[in-house]
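Per-entry structural report
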Amino acid sequence: MLVSMNWINDFVDLSGEDIPALIKRFTLATAEVEDVITKGADISGVVVAKILTCEMHPNSKKLHLLTVDKGDEVVNVVCGAPNARAGITVALATAGGAVCGKPIGKAMLAGYESCGMCCSEAELGLSSENAGIIELDDSLIPGTSIKDVFPIDDVVFEVDNKSLTNRPDLWGHYGVAREFAALTGKPLKAVPVLNAADFANFPAVSLASTDEMLYRYVAVKAENIVKNVSPAYIKIRLFYCGLRPINLLADLTNYVMLELGQPMHAFDGRKADSIEVKRFETPFEFKTLDGQARAIDSSNLMIVANGEPSAIAGVMGGLDSEIADDTTTLLLESACFDAASTRRTSVKLGLRTDASARYEKSLDPENSMVAATRFMKLLLEICPETKITSSFTDLYLKHFEIPVITFDKGYIDRYTGINIPSETIVKTLTSLGFAVMQDGENYTVTVPSWRATKDVSIKADLVEEVTRVFGYDNFPFITARSPLYPVKPTVSKTDETTAKDILSRRFELHEVHSYIWYDKKKNKDLKLNLPENLKVINAQTADHDTLRADMLPSLLYFANENKGSDFGIYEIGHTVRGVKDGRAVEEKKLGAVLYSREMGNESLLFKARDMVAAFITATRGLSPEFFNIKPEREYCHPKNSSEIFASGISCGYITVLHPTVKNAIDKKAAIVGFEINLTEYAKIPGIDLSYNESSAYPGIDFDITIPTPSDTRFADISKTWLDNPPEHLKSVNLIDIFGETDKNITVRMSFSAPDRTLSMEEVNVHINTITSRLAEMGIIIRK
């Protein structure tokens with residue numbers, strides 16, 4: 001949210017304050033400020049001027065040759081604005097000045113000297129309007145600085161919306177001004193409003209509703225609205241705060257929303273005379289102000305004017321009842337709706353607005369009447385001819401309970417660990433709008449309505465209010481006396497950390513993060529034919545309505561966008577497979593994809609195997625097993641796919657990418673991936689590691705070439721030395737594989753003893769034991 005300091009100054013006098021320092025203090029005490037923008041600092045030398053003469057350029061259909069009185073002299077200006085004409089008063093950027101940071105000087109344009117530039121509103125940073133030069137009031141004196149005419153100079157800061165989630169009162173300038181008043185100790189001015197009681201005898205607006213989603217609805221009518229253009233200060237403030245000026249009535253609803261945090265809606269009085277708030281049993285289509293047709297069902301609260309749906313409550317008005325340039329009669333809505341209902345409607349329709357963003361924060365119903373009377377106060381000031389023709393009709397269906405909290409000074413002292421004076425406690429809470437009754441060191445505090453909807457309800461909340469204004473940076477630094485004990489991480493967390501260390505540090509893969517849903521468009525581009533899975537009811541787009549069952553498709557999206565140089569990526573994320581007891585079954589998985597134009601499928605597959613083996617060995621002390629399978633996933637290679645086992649339990653798969661999918665990404669590359677189900681893997685027990693001292697004596701290496709039939713797995717062969725291993729066997733390493741159909745595998749066995757150098761006879765005994773076991777499998781070792 002953007003906040004204007006000029007606007008804040010309407011309600012609290014901050015003259016003499018260090019504004020940058022005050023904004024920083026606001027960050028520490030209230031909400032995070034993301035950016036500070038100084039408006040008007042890049043504009044200088046712009047003055048009021050009057051066009052004396054205007055002639056068409058002899059060689060151009062667009063340019064005009066002007067003589068302009070800028071107060072101290074008459075200068076020549078070349079101007080291309082279509083509305084340039086003699087007799088109008090304009091804003092002239094003089095030679096030596098600057099507009100939007102760009103210097104203005106004398107220049108030759110199309111053969112004629114131009115001693116300045118007539119400015120549009122956009123060039124002055126006052127709005128996005130650049131169709132022509134700005135036309136000023138003829139009563140202004142040439143030579144007057146434009147900054148004396150318009151409030152151009154301002155400091156605007158942007159507040160992180162996430163930090164305002166629990167503070168609905170801060171979604172308007174007045175609430176922010178209250179914070180500045182408390183931080184500076186200066187008084188907060190009241191909001192100028194009409195007295196609704198003065199209109200109590202006027203005819204009431206026809207209002208009807210019994211829906212529990214409506215908390216309060218205030219309506220008032222007006223007619224004879226003869227002006228439709230907003231004053232400059234309103235348009236500038238709206239523009240500085242991120243909204244586009246439209247017309248007087250629409251601008252005033254936005255202005256009051258930004259000022260008080262209360263969304264409003266102005267209905268054209270010709271189309272709205274009576275109001276009903278209700279839900280419809282039968283679904284129908286409704287066209288909103290943005291011109292889009294929305295599907296309305298029985299869950300959506302609607303505003304019905306004269307029997308016809310006219311607005312989606314708390315979200316957006318209808319196209320048929322919008323304010324037009326010729327609107328002279330008005331029915332004003334200032335309402336409060338259920339926060340959760342508004343949020344559900346906004347998400348379901350995919351329609352996020354400034355109004356819905358505020359309503360879903362649980363607004364204060366008491367603010368509805370304040371906003372309505374503020375709107376009418378501004379309207380009468382701008383257009384005195386306006387006549388209010390009804391009472392401020394009030395349908396108040398739900399009141400929030402106002403909490404009353406009692407505590408003593410000792411409670412705050414114990415909570416904070418410091419002694420905050422009683423006067424500071426009372427002054428701070430009072431400045432924030434709390435009503436405080438003090439009896440010695442006991443306090444009874446009534447929470448203001450704007451903090452009672454979801455924010456302040458217990459004693460600890462009041463401690464926070466006192467301490468944040470007091471200043472956390474004013475707390476002395478004291479070493480904590482409580483012992484801090486380390487928390488042992490869960491098996492799942494340890495597995496994740498180890499996986500990241502191995503893949504990032506040892507194998508130099510890049511970690512990525514993706515969404516939990518598939519992207520149908522990307523699936524189509526990559527020829528990924530994925531089975532149907534659990535769907536999201538309120539997906540933002542139809543392409544993102546299916547939750548993923550596997551990690552690799554998400555990683556392939558990244559691979560397709562980053563192809564070229566060799567790389568490897570991985571992610572630890574959630575997948576969804578089915579529903580159990582009415583809830584989605586989520587699983588955490590580790591997925592990785594390797595891409596290379598330098599390595600072939602076989603080399604890349606073995607590299608991925610090494611990664612899997614390194615992870616399983618590091619986390620469980622086990623050696624993984626790989627069983628060739630016929631894959632169930634269509635993006636896996638029909639032959640080069642294997643299931644991963646640890647301690648005899650399946651925990652994932654490793655595969656070369658199917659040629660169809662691989663070619664859709666890159667025909668010249670090899671692509672391999674693997675996936676480990678970390679949820680299931682966490683259930684696999686590891687083995688206890690034992691450590692032996694290295695021998696100080698030389699060892700003996702012995703190479704054996706093992707003829708391996710095509711139907712025999714190397715994992716089965718390795719059991720001849722892994723099951724009941726020979727006493728002095730320390731390690732077995734793969735040296736070579738050769739042969740066509742039946743492979744020959746050469747392994748190197750290392751033997752050593754801790755207390756002596758082994759003799760060859762001793763080693764031969766161990767070798768004979770292993771070869772005998774191989775012979776039992778039908779494998780004969782050639783001498």
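Everything below is about the structure shown above.
In what follows, the accompanying structure is described. (Residues numbered from 1 in each chain as written. Predicted model: local features only at pLDDT ≥ 70, side-chain atom pairs only at ≥ 80, totals over all residues. Heavy atoms only, no water.)

This part takes up helix H20 (residues 760-776). In a regular helix each residue adds 1.5 Å, so 17 residues correspond to 24 Å; H20 covers 24 Å between its end C-alpha atoms and thus fits that length. Within H20 the residues assigned to the buried category are Val763, His766, Ile767, Ile770, Thr771 and Leu774. Buried residues of H20, seen end-on, are gathered within an arc of 135° and therefore sit on one face of the element. More than 90 degrees from the buried face of H20, the exposed residues found are Glu761, Val765 and Glu776. Turning to H20, the residues buried within the fold contact strand S34 (700-708), helix H19 (714-722) and strand S36 (743-751). (Helix = DSSP H or I, 4+ residues; strand = E, 2+ residues; numbered from the N terminus. Expected span 1.5 Å × (residues − 1). Buried < 20%, exposed > 50% of the residue type's maximum accessible area, 1.4 Å probe, protein only. Arc of directions from axis to C-beta. Contact = heavy atoms within 4.5 Å.)

Bringing the nonpolar core into the picture now. A general feature of soluble globular proteins is that nonpolar side chains tend to end up buried together. Phe157, Leu330, Phe375 and Met376 are the most contacted members of the largest nonpolar core, which totals 83 residues. Discounting chain neighbours no more than four positions away, the residues touching Phe375 are Leu249, Leu252, Thr253, Val256, Met264, Leu330 and Leu332. Counting residues in each nonpolar core, the second largest holds 30 residues, with Phe507, Met611, Ala646 and Leu678 among its members. (Core = buried A, V, L, I, M, F, W, Y, C linked by side-chain atoms within 4.5 Å.)

This part takes up the pattern of salt bridges. In total, this model carries 50 salt bridges according to the counting rule given. The shortest N-O distance in the salt bridge between Arg468 and Glu179 comes to 2.7 Å. Of the two residues, Arg468 is situated in helix H12 (residues 459-470) and Glu179 in helix H4 (residues 173-184); the sequence distance between them amounts to 289 residues. Glu179 matches Arg468 in its accessibility class, with the two residues each being buried. Each of Arg167, Asp169, Glu179, Arg451, Asp455, Glu465 and Arg468 takes part in salt bridges that share partners, so that together they form one network. (Salt bridge = Lys/Arg side-chain N within 4 Å of Asp/Glu carboxyl O.)

On the surface, Ile687, Leu689 and Tyr691 cluster together into a nonpolar patch covering about 390 Å² of accessible area. Inspection of the secondary structure assignment puts Ile687 in the loop between helix H18 (678-681) and S34. What makes Ile687 partly exposed here is its relative accessible area of 46%. (Patch = residues over 30% accessible without salt bridge, like charges linked within 9 Å, V, L, I, M, F, W, Y side chains within 5 Å. Areas by Shrake-Rupley, 256 points an atom, 1.4 Å probe, with all protein chains shown as cover.)

Attention now goes to the sheet that holds strand S11 (residues 154-159). In space, the three strands of this open sheet follow the order S1-S11-S2, with antiparallel pairing throughout. One side of each edge strand has no neighbouring strand; the edge strands of this open sheet are strand S1 (2-4) and strand S2 (33-39). Each neighbouring strand pair of the sheet contributes to a mean axis angle of 25°, computed without reference to strand direction. Of the strand pairs in this sheet, S1 and S11 are connected by three bridges, and their pairing is antiparallel. Residue pairing in the sheet places Val3 in a bridge with Phe157 of S11. (Pairing = 2+ DSSP bridges. Axes fitted to C-alpha atoms, helices over the stretch in contact; angles between N-to-C directions.)

Before going further, it helps to spend a moment on the sheet that holds strand S35 (residues 729-738). Read across the open sheet, the three strands follow the order S34-S36-S35; overall the sheet is antiparallel. Where the open sheet ends on each side, the last strands, each with one partner, are S34 and S35. Taken over all neighbouring pairs, the strand axes of this sheet differ in orientation by 25° on average, direction set aside. Pairing between S34 and S36: nine bridges, direction antiparallel. Across the sheet, residue Ile704 finds its bridge partner in S36, namely Val747.

With that settled, consider the environment of Glu212. Take Glu212: it is sitting in the loop between strand S12 (206-208) and strand S13 (214-223). On the accessibility criterion, Glu212 (60% relative accessible area) is exposed. Glu212 sits 31 residues away from Leu243 along the chain, and the two C-alpha atoms are 32 Å apart.

Direction vectors running N to C along H19 and H20 enclose 145°, while the axes themselves pass 9 Å from each other. For the element pair H19 and H20, the recorded crossing hand is right-handed. Contacts between H19 and H20 involve Ile717, Thr720 and Trp721 from the former and Ile770, Arg773 and Leu774 from the latter. For the contact of H19 with H20, the class distribution of residues is four nonpolar, one polar and one charged. (Left-handed = near helix turned anticlockwise from the far one by under 90°. Nonpolar A, V, L, I, M, F, W, Y, C, P; charged D, E, K, R; others polar.)

Both strand S3 (residues 44-56) and strand S6 (residues 89-99) contribute to a ladder of six bridges, which runs antiparallel. Opposite Val46, over in S6, you have Ala93 as the bridge partner. By the bridge criterion, six bridges tie S3 to strand S4 (residues 64-69) in an arrangement that is antiparallel. Pairing of Thr53 across the sheet is with Thr67, part of S4.

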